[in-house]
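Architecture at a glance
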Amino acid sequence: PVCIYRPGRISGHSQTGVFNPNDFLYKLIVGCVQLGSAPAGDESFDLAPVDYVSQAIVYLSKQKASLNK
């Protein structure tokens, strides 16, 4: 039996702030801070902390109703 989980954009840990330094979004943020500028527009991002996403996947993976879904 297989389950596939497709979370959206995952951010750093909610308590420690640790994140993947090679992630495009974080490289973009660092670049904007270094330049003192940001892209024009009303962009918004839905982010979920990695610890929340991992706990949710573990919980869902233990549900019998999730099998093969």
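The sections below set out a description of the structure shown in this document. (Residues numbered from 1 in each chain as written. Predicted model: local features only at pLDDT ≥ 70, side-chain atom pairs only at ≥ 80, totals over all residues. Heavy atoms only, no water.)

Counted according to the given criterion, the structure contains 1 salt bridge. One salt bridge connects Asp23 with Arg9, and the closest N-O pair in it is separated by 3.4 Å. Here Arg9 lies in strand β1 (residues 9-11) and Asp23 lies in the loop between β1 and α1 (24-35), a separation of 14 residues in the sequence. (Salt bridge = Lys/Arg side-chain N within 4 Å of Asp/Glu carboxyl O. Helix = DSSP H or I, 4+ residues; strand = E, 2+ residues; numbered from the N terminus.)

Here the focus is α1. Since the α-helix advances by 3.6 residues per turn, residues separated by three or four positions end up pointing in the same direction. Here α1 contains 12 residues, and its C-alpha end-to-end distance of 16 Å stays within 8% of the 16 Å for a straight helix at 1.5 Å per residue. Every buried residue belonging to α1 is among Leu25, Tyr26 and Cys32, and all of these are buried. End-on, the buried residues of α1 take up no more than an arc of 125°, which puts them together on one face. In this structure, α1 carries Phe24, Gln34 and Leu35 as exposed residues pointing more than 90 degrees from its buried face. The backbone nitrogen of Leu25 lies 3.1 Å from a side-chain oxygen of the residue at the head of α1, namely Asp23. The first or second residue beyond α1 is Gly36, which carries a positive phi of 70°. (Expected span 1.5 Å × (residues − 1). Buried < 20%, exposed > 50% of the residue type's maximum accessible area, 1.4 Å probe, protein only. Arc of directions from axis to C-beta. Polar contact = N/O pair within 3.5 Å; in protein donor to acceptor, adjacent residues only side chain to side chain.)

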